[in-house]
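Understanding the architecture of this molecule
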Amino acid sequence: MIGRESFVTAVKQRGLTLDTRMFNEVVSVDASTELAAARNADLVLFCVKTTNTEATARALVPFLAPGCTVLSLQNGVENADQISAITGRQTISAVVYLAAAVPAPGTVKHTGRGDLIIGPDGSRVAEIANLFRDAGVGCVVSSRIQDQLWEKLICNSALNAISALCQITYGEAGDDKAVWEVVGKVIAEALAVARAAGVSPTNMDDVDTANTTVRKLTRQIAAAYSSTAQDLRRKKRTEIDALNGFIARRGRELGVPTPVNQTLWALVRAAEPRTDTVT
Ligand SMILES: NC(=O)C1=CN([C@@H]2O[C@H](COP(=O)(O)OP(=O)(O)OC[C@H]3O[C@@H](n4cnc5c(N)ncnc54)[C@H](OP(=O)(O)O)[C@@H]3O)[C@@H](O)[C@H]2O)C=CC1
Ligand SMILES: CC(C)(CO)C(=O)C(=O)O
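Remember, it's a predicted structure, so these values are computed and weren't measured experimentally.

Before going further, it helps to spend a moment on the UniProt feature "domain: Ketopantoate reductase N-terminal" (unreviewed entry) in the protein chain. Mapped onto this structure's residue numbering, the UniProt feature "domain: Ketopantoate reductase N-terminal" (unreviewed entry) falls at residues 2-120. Secondary structure within residues 2-120 divides into 23% helix and 37% strand; the distance between the first and last C-alpha atoms comes to 26 Å.

The next point concerns the environment of F132. By the secondary structure assignment, F132 is in helix α4 (residues 125-134). Linking F132 and D115, residues 17 residues apart in sequence, is a C-alpha distance of 9.3 Å.

So, on to α4. Every buried residue of α4 is listed here: V125, I128, A129 and F132. Take α4 and look down its axis: the buried residues cluster within an arc of 100°, on one side only. On its buried side, α4 packs onto β3 (43-46), β4 (69-73), β5 (91-104), β6 (107-119) and β7 (138-141). One or two positions beyond α4, positive phi appears at G136, with a value near 85°.

It is worth spelling out the nonpolar core at this point. The biggest cluster of nonpolar side chains holds 43 residues, and the ones touching the most others in it are W150, L159, V183 and V214. Where this core is concerned, the elements lending two or more residues are β5, α5 (145-166), α6 (170-175), α7 (177-196), α8 (207-220), α10 (244-254) and α11 (259-271). Among the elements that line this core, the one with the most residues is α5, at 10 residues. Domain assignment of the residues forming this core places at least three in each of domain 1 (5-143) and domain 2 (146-271).

Rules and cut-offs
- Residues numbered from 1 in each chain as written.
- Chains lettered and ligands numbered in written order.
- Predicted model: local features only at pLDDT ≥ 70, side-chain atom pairs only at ≥ 80, totals over all residues.
- Heavy atoms only, no water.
- UniProt positions renumbered as here; feature names shortened; annotations may be inferred.
- Helix = DSSP H or I, 4+ residues; strand = E, 2+ residues; numbered from the N terminus.
- Buried < 20%, exposed > 50% of the residue type's maximum accessible area, 1.4 Å probe, protein only.
- Arc of directions from axis to C-beta.
- Contact = heavy atoms within 4.5 Å.
- Core = buried A, V, L, I, M, F, W, Y, C linked by side-chain atoms within 4.5 Å.
- Domains from an automatic or database assignment.

Spelled out as structure tokens, the structure:
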């Protein structure tokens, strides 16, 4: 694994602690802060925040073997295209249904679900899915990966900013009637943008089905604070530009009004440590 200094030092000293809902184990892993450690890798699991996608892909290029495949395990719908455009390597997308956090360097705490959807179906995808399944991680191959990524994008846009601004869990967002009305507006706007973009998010045939899908997720990972909430708490930049910010930007391009997404994006941006990015 490749990571930042504090995490890598902890893993080198004590191993990687996996505090999961199924087991608690310390595993021994090779760890480095240098992207050069990816040299000769056949498969790179690309798991940085969307704010780091471009810089990390660029910095990786000199070390990627010609036939290497990159698997983007990230929220947002644009990562794989960005990575493959920069690296020139086959890049596969994973939709990640998992709630996990890093409570201390070297430790990953898992609080909900833990399954992947990967695609598009094609060379190496079945083989990679089998690697995950053999490791006990549920992994489904989808020929509609962009629609699957949009389903997750709409779930994240509906819940992450609200969880962050109010510092409430997914479950609390789902159970609060007034909050749920706002969630419904985010979903309706995002679905209209998807339609205008020619995308049919899975499990979201209409606004009612989309609401049911998002509600189901709030029950499955009720105890989780969104990754956006965790980032704000740690005073880090969030992925909001790739979530509500992306919906608002595509809405503008396609002539679809997105006032609630635009508002949530602006509020989260205002709560972040200062940067100069504009959607
Ligand atoms: N955590 C979760 O429950 C879920 C996360 N996801 C998605 O998965 C992706 C990864 O999220 P997550 O693991 O939570 O993110 P984290 O920020 O917890 O972990 C990413 C780590 O990679 C480090 N990093 C970034 N760039 C480099 C680099 N060039 N070299 C070495 N280390 C680097 C980051 O350091 P630094 O912070 O200093 O940049 C950070 O420590 C995101 O898109 C997220 O939305 C999806 C579903 C659930
Ligand atoms: C929905 C959740 C919690 C994990 O699937 C997530 O993607 C996030 O917090 O950003």
